[in-house]
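# Understanding the architecture of this molecule
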Amino acid sequence: MEAAIIIQDLYKSFGSNHVLKGFNLELKRGENLAVLGKSGSGKSVLIKCIIGLMQQDEGEINVLGQSIRSLNQDELDHLRVKIGFLFQSNALYDSMTVRENLEFPLRRHWMEISNKETGDLVMESLENVGLAHTVDLMPAELSGGMRKRIALARTLILKPQIILYDEPTTGLDPITSKEISELMNELQKKYNTSSITISHDMNCIQRTADRVILLVDGIAYADGEFDQLKASTDPVILPYFE
Amino acid sequence: MRLPPNTKKFLEEAGAIAQFTGRFFREVFRPRYEWAAFIHQCYMIGYKSLPLVGLTGFIMGLVLTMQLRPSLIDYGVESELPAMVGIAIIREIGPVITALIFAGKIGSSIGAELGSMKVTEQIDAMEVSGTNPFKYLVVTRVLASTLMLPVLVLLGDAISLYGAYLGVNIKATTSFSLYYTQVFDNLSFGDVIPAFVKSFFFGFAIGIIGCFKGFNSSKGTEGVGHSANSSVVLGSLMVFILDLIAVQVTDILGLN
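For clarity, every value in this text was computed on a predicted model and none was experimentally measured.

## Quick look at the nonpolar core
Of all hydrophobic cores here, the largest spans 81 residues; its most connected members are Ile5(A), Leu25(A), Ile50(A), Val63(A), Leu164(A) and Ile196(A). By residue number, the principal contributor to this core is helix 6 (residues 133-168) of chain B, which donates eleven residues. Filtering out sequence-adjacent residues up to four positions away, Leu164(A) remains in contact with Ile5(A), Ile47(A), Ile50(A), Ile51(A), Ile83(A), Gly84(A), Phe85(A), Leu86(A) and Ile196(A).

In structure tokens:
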């Protein structure tokens, strides 16, 4: 299977705090990969390096055949359209309605489409997440779970090939958390995306991930299917699955 | 050489603002041009500030006239009241007071808005969606504040002069045309043009400082409050510093 993302020997430090110390990863097309690790282990730094929000100190990040480091700003912006990013805080534009939030990426990247087509795409995305009735509401009027769904709809509206989920279920109750995990699976099947999920919610990882990488001390300490890692007797891996 | 911590912090901040300004000039001429966002910002920054600028301008003109009158009567030059008020408003008080009101309203609003967007990752969201947030958020706001402040100054001056006209008529009777003839006969281009030109610099400084503070806001709500507050303080201070520079320049050019 062709790789969507290849990361080789990734290093990233903040002063004397060495977060990533030779991290390696390969995401195949159509695969759902979860990166598991403690808080502060560098999971968010990793996906921010992938999308180019942070610059790696050393190492190579290759996304859809393009090396992130070698791209100029315009090329990076062009590549980013093919990558969806779901923020932990949802990052909905709070001065815009739900409709405007979803229209924003469309109006900037698919300028050739008509207003009617834009409206149809917005409604299709909202129907995908079961929130068509919220189209004219402001983000502040929505619950946490609804905001997460809207953020997911906005992430998917440009039909990205890769989705990066940053703690998609953090702060949600177990039922909403399960619904979001199921929604992630449904949308992955529908649009055939590849994804990396950063999380320490074991239920979410179990439901969504085809493969799990354990990030410990800045490296990919373990790599395997959820059940494989769960069955491990390694004292480093064990506490994550207890 | 080891610098005191406060001096080092001040120099670092000055350097960061200079870099931010440099980035503004690099980005402003590069396509894509964010016309819709720019027009929206002109409306928000210019049109929405007009009532406040108009009201303060009106009160300023009225109060200035009422306070000047007794002194002018003492010197027996009461008839010069419109000329004096006109020059004071057009040359100095109009641009500076309007800029200070503008720094309070727009500087704080830009600082708080961008600061809030920064700490809630909305700026990052814009960037990962392939939109250059600096162009979309900063360039449009700085351009709008640079272009809208001079317009507000002109309108504020006009309203202020009208306030002064009412002030003149509280204890005397002067016709509207006589009042304006006296005001404009005593004004030269040397009074009007430098005052108008410096308001572009005031607008630019307020816009760039508000954006810098908001764009570099630290995490948390405290950071947003700090961004809004320091946007106003530094923006207002820059207005006075630029005014000082402007008066020196006009003096050298023989326009004073």
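More follows now that the structure is in view.
## Describing the interface of chain B and chain A
Each side of the interface is counted separately: chain B has 16 residues, and chain A has 22 residues. Buried area between chain B and chain A, both sides added, is near 1,700 Å², and the carbon and sulfur share of it is 47%. Seen at the junction of chain B and chain A, the total is four salt bridges. The salt bridge involving Asp74(A) is made with Arg30(B); its shortest N-O contact spans 3.7 Å. On inspection of chain B and its partner chain A, the count reaches nine residue pairs in polar contact (both at pLDDT 80 or more). The biggest single contributor to the side of chain B that touches chain A is helix 5 (residues 122-128) of chain B, with six residues. Looking at side-chain class alone, the side of chain B that touches chain A contains four nonpolar, six polar and six charged residues.

## Examining the packing of aromatic side chains
For the structure shown, the criterion picks out 22 aromatic pairs over all chains. Ring geometry for Phe134(B) against Phe215(B): centres 5.8 Å apart, planes inclined by 85 degrees, an arrangement best described as edge-to-face. Here Phe134(B), found in helix 6, pairs with Phe215(B), found in helix 8 (residues 189-215); they are 81 residues apart in sequence, far enough to count as distant. Seen in terms of ring centroids, Tyr179(B) and Tyr180(B) are 5.0 Å apart; in terms of plane orientation they differ by 90 degrees. Their pairing is edge-to-face. Residue Tyr179(B) is classed as buried on the basis of its relative accessible area of 0%. For Tyr180(B), a relative accessible area of 17% corresponds to the buried category. Members of the aromatic cluster, connected to one another through ring pairs, are Tyr162(B), Tyr165(B), Phe176(B), Tyr179(B), Tyr180(B) and Phe184(B). A cation over an aromatic ring shows up here: Arg154(A) above the ring of Tyr93(A), its NZ or CZ 4.6 Å from the ring centre.

## Here's the deal with the sheet that holds strand 4 (residues 58-63) of chain A
Residue and element names in this part refer to chain A. Sheet architecture is open: four strands sit in the order 2-1-4-5, paired in antiparallel fashion. Pairing within the sheet leaves two strands with one partner each, and these edge strands are strand 2 (17-28) and strand 5 (66-67). Looking at chain direction, strand 1 (residues 3-14) and strand 2 are connected through nine bridges and run antiparallel. Its bridge partner being in strand 2, Lys12 is matched across the sheet by Leu20. Relative to the sheet, helix 1 (residues 43-51) contacts strand 1, strand 2 and strand 4, its axis offset from that of strand 1 by approximately 120 degrees.

## Description of the pattern of salt bridges
Summed over the entire model, instances satisfying the criterion amount to 22 salt bridges over all chains. The shortest N-O distance in the salt bridge between Arg80(A) and Glu127(B) comes to 3.7 Å. Note that Arg80(A) is positioned in helix 2 (residues 73-80) and Glu127(B) in helix 5, a pairing that runs across two chains. Taking relative accessible area as the criterion, Arg80(A) reaches 2% and is therefore assigned buried. Residue classification places Glu127(B) among the partly exposed residues on the basis of a relative accessible area of 22%. Between Glu27(B) and Arg30(B) there is a salt bridge whose closest N-O contact spans 3.8 Å. Taken together, the shared-partner salt bridges in this structure form one network comprising Asp74(A), Arg23(B), Glu27(B) and Arg30(B).

Conventions used here
- Chains are numbered independently. Their residues run from 1 in the order of the written sequence.
- For this description, chains carry letters from A and ligands carry numbers from 1, given in the order in which they are written.
- This being a predicted model, a pLDDT of at least 70 is required before a residue's local features are given, and a value of 80 or more before pairs of side-chain atoms are given or counted; all residues contribute to the totals for chains, interfaces and linings.
- Remark: hydrogens and water are excluded; side-chain values derive from all non-hydrogen atoms of the structure.
- Joining through side-chain atoms within 4.5 Å is the link that ties buried Ala, Val, Leu, Ile, Met, Phe, Trp, Tyr and Cys residues into a set, and such a set is a nonpolar core.
- Partly exposed describes any residue whose relative accessible area lies between the buried limit of under 20% and the exposed limit of over 50%, with all areas from a 1.4 Å probe on protein chains only and scaled to the type maximum.
- Working definition: helices are DSSP H or I runs of at least four residues, strands are E runs of at least two. Numbering for both runs from the N terminus.
- We call two residues contacting when some pair of their heavy atoms lies within 4.5 Å.
- Once two parts are put together, the accessible area they lose, assessed with a 1.4 Å probe and summed over both, is termed the buried area.
- Any Lys or Arg side-chain nitrogen located within 4 Å of an Asp or Glu carboxyl oxygen qualifies as a salt bridge.
- Here a polar contact is recorded for every N or O atom pair within 3.5 Å, except that within protein the pair must consist of a potential hydrogen donor and a potential acceptor, and residues adjacent in sequence are included only if both atoms are side-chain atoms.
- By the convention adopted, Pro, Cys, Tyr, Trp, Phe, Met, Ile, Leu, Val and Ala count as nonpolar, Lys, Arg, Asp and Glu as charged, and the other residues, Gly among them, as polar.
- Two rings belonging to Phe, Tyr or Trp (six-membered ring only in the last case) form a pair when the distance between their centres is within 6.5 Å. Interplanar angles under 30 degrees mark stacking, angles over 60 mark edge-to-face geometry, and anything in between is tilted.
- A ring is considered to have a charge above it if a Lys NZ or an Arg CZ atom is located within 6 Å of its centre and within 35 degrees of its normal.
- Being paired, for any two strands, means DSSP has found at least two bridges between them.
- A fitted line through C-alpha atoms represents every axis, and for helices the fit uses only the stretch in contact; the resulting angles, taken between N-to-C directions, go from 0 to 180 degrees.

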